[in-house]
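Tertiary structure, described
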2 protein chains.
Amino acid sequence: MPAPAQTSTAAIVAAGRRLLEERGTDALIMRDVADAVGVRTPSLYKRVRNRSDLVRLILEDVTDELTAATDAAVRATDEATDETTAHSAAADLRALMAVYRGFAHTNPVAYTLLTSPQAVAGATERAERASATLLRLVAQVAGPHDALPAARTLVAWANGFITMELAGAFQLGGDVEQAWHFGMERVLTAIQREPRRHRPRQENAAPGLKDA
Amino acid sequence: MPAPAQTSTAAIVAAGRRLLEERGTDALIMRDVADAVGVRTPSLYKRVRNRSDLVRLILEDVTDELTAATDAAVRATDEATDETTAHSAAADLRALMAVYRGFAHTNPVAYTLLTSPQAVAGATERAERASATLLRLVAQVAGPHDALPAARTLVAWANGFITMELAGAFQLGGDVEQAWHFGMERVLTAIQREPRRHRPRQENAAPGLKDA
DNA sequence: GTCTATATTTCGATAGAC
DNA sequence: GTCTATCGAAATATAGAC
């Protein structure tokens, strides 16, 4: 039996992901990945097509984990309150965003890569499911008419806050944690259905929200 | 007279900035900059220390222009309304953010670089002046007590919106322009002084807001 | 100050033996 | 499947003549 397998695609992806977070995107080099899994560089090319392919696989892995985490957060919150109201939807959004933020703190490099302007193609399909959940919840808070701009407002705020946080852009002191909660509550209030209008409460099925 | 100057630091920075926007950060190579100003690569090193130095100079140039544009926008709005009220401060903020967004649309690569997590050091000092203006205006709208978290909420939303816009992340159709105005008005309302509290109107002098 | 020429470095990717 | 050996492609930066 010549040359048994000494590594696997999963091990390569895991090592690559760890190196990505430890050293940054540009510092992810094939040589180090090979060292990490205990083989020589050329052996990697039996499992991944090239470096771009490896990055794509890493981001798919990250995205799957993020989706699972946010879904779990929403399910856990829903169990605590069995009503489906604007109030519970707001609670779901708080929980979802908190998990989202926590994930970004744990995976700052991957988060930045996922939300960067030249986002790597291919890792986007799976993100649509999580986005659908978000749009559904926002529709319950903001009403179906304003659901899309309201979701964009909330997601823009959250992404912007987290990005600035990771960039170390909050340099004036103050309590960043408090600023997150301040923003969360104010934005949630801001996107609520305007009180003067009386539309029938209607739960719209939401298409995929790539926006998130 | 041997070898008269054929280029200048300003020309190199201008060419570099143009190439940066046209081709992206990574594609900014010294060879192309040299071609653009009509000299050979080694001649660049008489004016700039290295590539990082050139990028730093480019971002300083961009920051100066952005600061001038936002300052001008606020001054123009103040001329139209000579009162200094929460109402006029809100108008100033709308104008400031509109100019900020327009600048990002015109200089997407530089904007991304300025707001990216691994922000290039050195181009930050000059940004503090513009931030001071923003914090002053937000204090007039939100009240001095909540000025800092309110400013962080507004800036996070704007940065997040613009970043997603530039990334092409708004893929569900709808009117992105309307979403900007929706978010702007809702966030402005959200950060307003909460009505139940009656604090004396007091204009706090604002320290530099690197946050923006 | 500008040039030609080249050193240096780094890294992705492949060929072919085992 | 893994290895040794090596190619090839950038790009930065410098040396030294003019």
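This text gives an overview of the structure that appears in the document. From a predicted model like this one, the values you see are computed outputs, not experimental measurements.

For the rest of this paragraph, the subject is the protein's contact with DNA strand D. Neighbouring residues of DNA strand D: 18 residues in total, closest Q6, R40, S43 and K46 of chain A together with R51 of chain B. Backbone atoms, meaning sugar and phosphate, form 73% of the atoms of DNA strand D found within 4 Å of the protein. Within the contact set of DNA strand D, a phosphate oxygen lies 3.3 Å away from a backbone nitrogen or oxygen of M30 of chain B.

Here we come to the nonpolar core. Among the nonpolar cores identified, the biggest contains 119 residues, and M97, V138 and W157 of chain A together with M97, V138, L154 and W157 of chain B are the most heavily contacted of them. With residues near it in sequence (within four places) discarded, M97 of chain A still touches L134, L154, V155, A158, W180 and M184 of chain A.

Below, the discussion takes up the protein's contact with DNA strand C. Within the structure, DNA strand C sits among 18 residues, and R51 of chain A together with Q6, R40, S43 and K46 of chain B are positioned closest to it. The sugar-phosphate portion of DNA strand C accounts for 72% of its atoms within 4 Å of the protein, the bases making up the rest. At 3.1 Å from a phosphate oxygen of DNA strand C is found a main-chain nitrogen or oxygen belonging to M30 of chain A. Contacts to DNA strand C include R51 of chain A, whose backbone N or O atom sits 3.0 Å from a phosphate oxygen.

Another aspect to go through is the interface of chain A and chain B. Interface size, as often reported, equals the accessible area lost upon joining of the parts. Listed per partner, the contact involves 42 residues of chain A and 42 residues of chain B. Summed over both partners, the interface of chain A with chain B comes to about 3400 Å²; 65% of that surface belongs to carbon and sulfur atoms. Joining chain A to chain B, the criterion identifies 2 salt bridges. Among the ionic pairs, R186 of chain B bridges to D146 of chain A, the shortest N-O distance being 3.5 Å. The tally of links between chain A and chain B comes to 6 residue pairs in polar contact (both at pLDDT 80 or more). Of all the secondary structure elements, the ones that give two or more residues to the side of chain A that touches chain B are helix 6 (108-115), helix 8 (147-167) and helix 9 (176-190) of chain A.

How each quantity is defined
As a convention, each chain's residues are numbered from 1 in the sequence order in which they are written. The lettering of chains begins at A and the numbering of ligands begins at 1, in the order of writing. Reporting of local features is limited, given that this is a predicted model, to residues whose pLDDT is at least 70; pairs of side-chain atoms are given and counted only at 80 or more, and all residues count toward the totals for whole chains, interfaces and linings. Based on all heavy atoms of the structure, the side-chain values leave hydrogens and waters out of the count. Residues are classed as near a molecule or strand on a simple rule: at least one heavy atom within 4 Å of it. N or O atoms within 3.5 Å of each other form a polar contact, as long as, within protein, one can give a hydrogen and the other can take it, and as long as residues adjacent in sequence are counted only when both atoms are side-chain atoms. For this analysis, a nonpolar core means a set of buried residues of the types Ala, Val, Leu, Ile, Met, Phe, Trp, Tyr and Cys, connected via side-chain atoms within 4.5 Å. Only protein chains enter the accessibility calculation, which uses a 1.4 Å probe. A residue is then buried if its area is under 20% of the maximum for its type, exposed if over 50%, and partly exposed in between. Residue contacts follow a heavy-atom distance rule, with two residues in contact if any of their heavy atoms lie within 4.5 Å. Two parts placed together each lose some accessible area; with a 1.4 Å probe, that loss summed over both constitutes the buried area. A pair is scored as a salt bridge if a Lys or Arg side-chain nitrogen falls within 4 Å of a carboxyl oxygen belonging to Asp or Glu. Secondary structure counts use DSSP, requiring at least four H or I residues in a row for a helix and at least two E residues in a row for a strand, with both numbered from the N terminus.

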